[in-house]
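# Examination of the molecular architecture
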Amino acid sequence: MSDANLIQNVYEKVCQRNAGEVEFLQAVKEVLDSLAPVLAKNPKYVDAKILERIVEPERQIMFRVPWQDDNGSVHVNRGFRIEYNSALGPYKGGLRFHPTVNASILKFLGFEQVFKNSLTTLPLGGGKGGADFDPKGKSDSEVMRFCQSFMTELCRHIGPNTDIPAGDIGVGGREIGYMFGQYKKIKNAFEGVLTGKALNWGGSLIRPEATGYGAVYFAEQMLKTRNETFEGKVCAVSGSGNVAQYTVQKLNELGGKAVTLSDSGGTIYDKDGIDDEKLAFVFELKNVKRGRIKEYADKFGAEYYEGKNPWGVKCDCAFPSATQNEIGKEEAQTLLNNGCYVISEGANMPSTPEAQELYVENKILYGPAKAANAGGVATSGLEMSQNSQRLSWTREEVDEKLKGIMAAIHQQCFDTAEQYGQPGNLLMGSNIAGFVKVADSMLDQGLV
Ligand SMILES: NC(=O)C1=CN([C@@H]2O[C@H](COP(=O)(O)OP(=O)(O)OC[C@H]3O[C@@H](n4cnc5c(N)ncnc54)[C@H](OP(=O)(O)O)[C@@H]3O)[C@@H](O)[C@H]2O)C=CC1
Ligand SMILES: O=C(O)CCC(=O)C(=O)O
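Residues numbered from 1 in each chain as written. Chains lettered and ligands numbered in written order. Predicted model: local features only at pLDDT ≥ 70, side-chain atom pairs only at ≥ 80, totals over all residues.

So, about the overall build of the chain. For the chain, the helix and strand inventory stands at 18 helices and 13 strands. For the chain, whose C-alpha radius of gyration is 21 Å, the value lies close to the compact-globule estimate of 22 Å for 448 residues. If one aligns the C-alpha atoms of the chain with their principal axes, the spans along those axes are about 60 × 55 × 45 Å. In the chain, which comprises 448 residues, the share counted as buried stands at 52%. (Helix = DSSP H or I, 4+ residues; strand = E, 2+ residues; numbered from the N terminus. Rg over C-alpha atoms; globule rule 2.2 N^0.38 Å. Buried ≥ 20, exposed ≤ 12 C-beta atoms within 10 Å, placed from the backbone.)

What follows is about the site of ligand 1. Surrounding ligand 1, one finds 23 residues, the nearest of these being G241, D263, S264, A347 and G376. Per-element tally for the shell around ligand 1: the top contributor is helix α10 (residues 242–253), with three residues. Here the residues of the shell around ligand 1 are counted per class, giving five nonpolar, 16 polar and two charged. (Near = placed C-beta within 6 Å. Nonpolar A, V, L, I, M, F, W, Y, C, P; charged D, E, K, R; others polar.)

The next thing to look at is the sheet that holds strand β10 (residues 303–306). As summarised here, the arrangement of the three strands in space is β8-β9-β10, forming an open sheet in which the pairing is antiparallel. Of all strands in the sheet, those with a lone pairing partner are β8 (260–263) and β10, marking the two edges. Adjacent strand axes in the sheet meet at a mean angle of 20° when their direction is disregarded. (Pairing = 2+ DSSP bridges. Axes fitted to C-alpha atoms, helices over the stretch in contact; angles between N-to-C directions.)

Next up on the list: the pairing of strand β4 (residues 126–131). Counting buried residues in β4 gives six out of six residues, a clear majority hidden from the surface. Residues G126, K128 and G130 of β4 are buried on one face, and the alternating residues G127, G129 and A131, pointing to the opposite face, are buried as well. For strand β2 (residues 74–85) and β4, the ladder comprises six bridges, and the chain directions are antiparallel. Paired with E83 across the two strands is G127, which belongs to β4. Two elements, strand β3 (residues 91–97) and β4, share three bridges in a ladder whose sense is parallel. By the bridge assignment, R96 is partnered in β4 with G130. In this view, the connection linking β3 to its parallel neighbour β4 by way of helix α6 (residues 103–119) has right-handed handedness. (Right-handed = clockwise from strand over helix to strand, strands pointing away.)

The domains assigned to the chain are domain 1 (59–191) and domain 2 (208–367). The distance between the C-alpha centroids of domain 1 and domain 2 comes to 27 Å. Facing the five residues of domain 1 at the interface are four residues of domain 2. Residues that form the side of domain 1 that touches domain 2 fall into these classes: three nonpolar, one polar and one charged. (Domains from an automatic or database assignment. Contact = placed C-beta atoms within 7 Å.)

Attention now moves to the site of ligand 2. Ligand 2 sits among 13 residues. The nearest are G94, A166, G376, V377 and S380. Listing elements by their share of the shell around ligand 2, those giving two or more residues are β3, α6 and α16 (375–389). Residues that form the shell around ligand 2 fall into these classes: two nonpolar, eight polar and three charged.

With that out of the way, let us pick up the confidence of the model for the chain. Looking at the chain as a whole, the pLDDT averages 98, with 100% of positions reaching at least 70. Both scores are given for the predicted complex: the pTM is 0.98, the ipTM 0.99. (pLDDT = per-residue confidence, 0-100.)

We now examine the sheet that holds strand β6 (residues 234–237). Whenever strands of a sheet pair, they do so through backbone hydrogen bonds, lying parallel or antiparallel. Spatially, the five strands line up as an open sheet ordered β7-β6-β11-β12-β13, and their pairing is parallel. The open sheet has two free edges, formed respectively by β7 (257–258) and β13 (365–367), since each of these has just one partner strand.

With that out of the way, let us pick up the UniProt feature "site: Important for catalysis" (unreviewed entry) in the chain. Listed under "site: Important for catalysis" (unreviewed entry) in the UniProt record, and renumbered for this structure, are D168. Here D168 lies in the loop between β5 (163–166) and α8 (173–187). (UniProt positions renumbered as here; feature names shortened; annotations may be inferred.)

To continue, consider unusual backbone geometry. Its identity as a non-glycine residue notwithstanding, R290 has a phi of 55°, on the positive side. Examined against the element boundaries, R290 turns out to sit in the loop between α11 (276–288) and α12 (294–300). Classification of R290 as partly exposed rests on a count of 13 C-beta atoms within 10 Å. The phi angle at K363 is positive, at roughly 50°, despite the residue not being glycine. Relative to the assigned elements, K363 resides in the loop between α14 (353–361) and β13.

With that settled, the discussion passes to helix α7 (residues 140–154). Over its 15 residues, α7 runs 20 Å from end to end, which matches the ideal 21 Å to within 8%, given 1.5 Å per residue. Of all the positions in α7, only F146, C147, S149, F150, M151 and L154 are classed as buried. (Expected span 1.5 Å × (residues − 1).)

This part covers the UniProt feature "binding site: NAD(+)" (unreviewed entry) in the chain. The positions that UniProt labels "binding site: NAD(+)" (unreviewed entry) are, in the present scheme, T211 and N242. Across 32 residues in sequence, these annotated residues keep their C-alpha atoms within 8.2 Å of one another, forming a single compact spot. Structurally, T211 can be placed in helix α9 (residues 207–224). When residues no more than four places from it in sequence are discounted, the contact partners of T211 are N242, V243, G346, N373, G375 and G376. Position of N242 among the secondary structure elements: in helix α10. Overall, the presence of 25 C-beta atoms within 10 Å leaves N242 in the buried class. Non-local contacts of N242, meaning those with residues more than four positions away in its chain, are made with G172, P208 and T211.

Before going further, it helps to examine the pairing of β8. Looking along a regular strand, one sees side chains alternate from face to face of the sheet. Of the two faces of β8, the one holding T260 and S262 and the one holding L261 and D263 are both buried throughout. Strand direction decides the pairing type here: β8 and strand β9 (residues 266–269), joined by four bridges, are antiparallel. Residue L261 lies in a different strand from β9, and its bridge partner there is I268.

Here it is, written out as structure tokens:
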């Protein structure tokens, strides 16, 4: 059978076994579509059925999460942990609390995480988890009770050498704190079982900043290949949560001008730029008051586009930092028509396959999610190292390491794309470079 046919067969089997899981199937197809030249060079992967094994999660855990609201009413949510692949190290990846969470979304995220973590060069396997719980509009006490109930079950499955969750959409410092407290109480162990912890009790400097900073460092590396910098570049950023906030902060520091932010209600457009003072308002609005981005427009007289995303705004660079499939073919074409030529994905799988095809065809500087947003999990890896050594590194030390890791990831993707005859195609480069290390480790470890 030809390698292309083998890949098609594997994909069809995944479709049959995971019928209707559209996000998961999309993520699998993207990786498989890059792999024919790797199989041609490495028949050992075919013989050992690496593709058939790598698409299947090692373990999928689903559980009931009962909790009580402030009025005493009982609610039941569904919790998950997908322990996808441990060839490179313990399972590592975030937890998402959002009403749309289901097995398909967490399997796509877990699958992506395997290759992303491989690119970081750190010893991290891949996993993801979460619940269809919506923290929006809930009191702190309700969020705490939910987190405690979630961890009461999850704690059986995780540990500092087994599986180390972190944050993602809807899970920030507050939620990590409540979950850590419950884990410690049940296990009677103060250990590095979660990352994204607060500094006082085992967190790392720069972890909150890392995903956003990393996406900007990655874009900086892409610009460097054309002898350019961020100086004067107009940047569109989506989302207004953790990743978006620190993306804007780093862009400001490097001379870029961020002009948009968004949430599920709409987009703000500030043609003068979201400077550090305005960004401080966003930090307070989103992380303390937990308000809507529209209030930025009210406060600073910026434009507000109700129900719209930022991709219609003229920009040089785009940083999708909200959620999956937020840039479709039409939005991608609009970005290109408006002169955008740098896309660095802070969110996971924010571009549809049709949008990705346009980026590659037009040879723009495209940093795919599993490479461009790997700074978050990489810094989680640095948090784990500090926990193991009972040490805390300085802000400068962690930031330097993050910068070095992002440059190394870019170089790996760039070199791999060249090696496989597709110079500049970092989509292909990231998929192949991420895959090869995991595949080789699976071969080393036998049929497990
Ligand atoms: N945190 C991390 O370290 C990492 C995060 N990522 C990815 O980055 C992205 C953002 O995560 P993060 O910043 O942590 O999450 P947050 O919860 O802090 O922020 C998410 C932001 O995205 C918006 N958003 C979420 N869903 C939608 C939607 N369906 N439509 C429009 N806007 C939406 C939210 O708006 P609203 O409040 O209205 O829902 C909010 O502004 C995700 O794709 C995540 O997987 C990737 C690597 C690491
Ligand atoms: O820091 C981590 O472990 C998880 C980060 C994450 O969820 C991601 O990279 O998507």
